[in-house]
Amino acid sequence: STSLVRGLRWTPSPLGLLSGTTVPAQVELLAMTASDVSLTITNSNPAAVGVPPRVVIPGGSRSAAVPVTALAPGRASVSVTAPGFETSSAVIEVLSGPTASGLSLSIESGDRQTGSPGTSLRQPLRVLLRDSNRIPFAGGRVEFAVSQGDATLSPPGATTDGQGRAAANVALGPAPGTIRLTATIPGTSLRAQFTVFSIGQAEVPPAGIVHAASLLAGAASPGSILSIFGRNLAPFVQEAQTPPLPA
């Protein structure tokens, strides 16, 4: 007789760690079971990476956390399986520290946002620490700072997680203007720079809506192209010498 092998998955994979870092990986069943599932974990390089030899996913649950510790520079292949289940494997790369060659810090999201003075931006500033193979690295300490403008960061520092991400929230101060913020990893040249904009309430005077060709107020008709003049209509001004005009 034959029987189907049930699926399971180890995430994240691949995984990069800086030496001395411990992060939680996850083992997930693709279908929940009523009874406990005892999983066996094998490790090709225990000198570089520390993982427990087994983990149990309780009945009625689909996943369990697995602590992964970077012990020394090197590479390990970690596999997890159980009777009746497939084998899932992950490659774990350990580097000595953030000064190791090939690492880069880049913006993932949060750049060029706009907000009103005294409010918080909707998205946090988020950076990614990766190597030249685009493998995310956990354990890098990222410091966030305001280099220009009026804003507060919270938290001012964060450690990259298993997806290589670190983030900080931005609260805009009362003064409008362009705000520049930097994310750096101390002791290295790794940095990323964000630009956000704090703009006041838009103001359009009664004569600020004009016909685009004649520039006459009140000359608009259905189908006309209009020009709008006022204050705080855009976070920045961009000039064009020839068409097309800036969007």
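Conventions and cut-offs
- Counting restarts for each chain, with residues numbered from 1 along the sequence as it is written.
- The predicted nature of this model means local features are confined to residues of pLDDT at least 70 and side-chain atom pairs, given and counted, to a pLDDT of 80 or more, with totals for whole chains, interfaces and linings taken over all residues.
- Only hydrogens and water are set aside; all other atoms, that is, all heavy atoms of the structure, feed into the side-chain values.
- In this text, helices come from DSSP runs of H or I with a minimum length of four residues, and strands from runs of E with a minimum of two, each type numbered from the N-terminal end.
- Each residue is placed in one exposure class: buried if its accessible area under a 1.4 Å probe, protein chains only, is under 20% of its type's maximum, exposed if it is over 50%, and partly exposed if it falls in between.
- Residue contacts are defined here by distance: any two heavy atoms, one from each residue, within 4.5 Å place the two residues in contact.
- The definition of a nonpolar core used throughout is a set of buried Ala, Val, Leu, Ile, Met, Phe, Trp, Tyr and Cys residues joined through side-chain atoms within 4.5 Å.
- Counted as salt bridges are all cases of a side-chain nitrogen of Lys or Arg within 4 Å of a carboxyl oxygen of Asp or Glu.
- When DSSP finds at least two bridges between two strands, those strands are taken to pair.

For the rest of this paragraph, the subject is the environment of Val5. Along the chain, Val5 falls in the segment before β1 (8–11). Relative accessible area serves as the criterion here: at 57%, Val5 is assigned to the exposed category. Taking C-alpha positions, Val5 is 9.7 Å from Thr87, a pair spaced 82 residues apart along the chain. With residues near it in sequence (within four places) discarded, Val5 still touches Gly84, Phe85 and Glu86.

Another point: the nonpolar core. Counting residues in each nonpolar core, the largest one holds 29 residues, and the members touching the most others are Trp10, Leu17, Leu39, Ile41, Val49, Val68 and Ile92. Put simply, the parts of the chain that give this core at least two residues each are β1, β2 (15–18), β3 (22–29), β4 (37–43), β6 (54–57), β7 (63–70), β8 (74–81) and β9 (88–95). Once residues lying within four places of it in the same chain are set aside, the contact partners of Val49 are Asn43, Val68, Thr69, Leu71, Ala76, Ile92 and Val94. Leu18, Leu103, Ala151 and Ala158 belong to the second largest nonpolar core, which has 28 residues in total.

Let us look at the pattern of salt bridges. If you walk through the whole model with that rule in mind, you get six salt bridges. A salt bridge links Glu28 to Arg9; its shortest N-O distance comes to 3.0 Å. In this pair, Glu28 sits in strand β3 while Arg9 sits in strand β1, placing the two residues 19 residues apart along the sequence. Judged by relative accessible area, Glu28 falls into the buried class, the value being 18%. Taking the relative accessible area as the measure of exposure, Arg9 reaches 38% and is therefore partly exposed. Within the structure, one salt-bridge network assembled from shared partners comprises Arg9, Glu28 and Arg62.

The element strand β19 (residues 191–198) is extensively covered by neighbouring structure, given that six of its eight residues are classed as buried. Pairing analysis gives two bridges linking strand β11 (residues 114–115) to β19, with the strands arranged parallel. Paired with Thr114 across the bridge in β19 is Phe197. Here eight bridges tie strand β18 (residues 177–184) to β19, and the two strands are oriented antiparallel to one another.

With an omega dihedral of 0 degrees, the bond running from Ser13 to Pro14 counts as a cis peptide bond. Within the secondary structure, Pro14 is located in the loop between β1 and β2. Here Ser154 and Pro155 are connected by a cis peptide whose omega angle stands at -5 degrees. By secondary structure assignment, the location of Pro155 is in the loop between β15 (151–154) and β16 (157–159). Despite not being glycine, Arg112 has its phi angle at roughly 55 degrees, a positive value.

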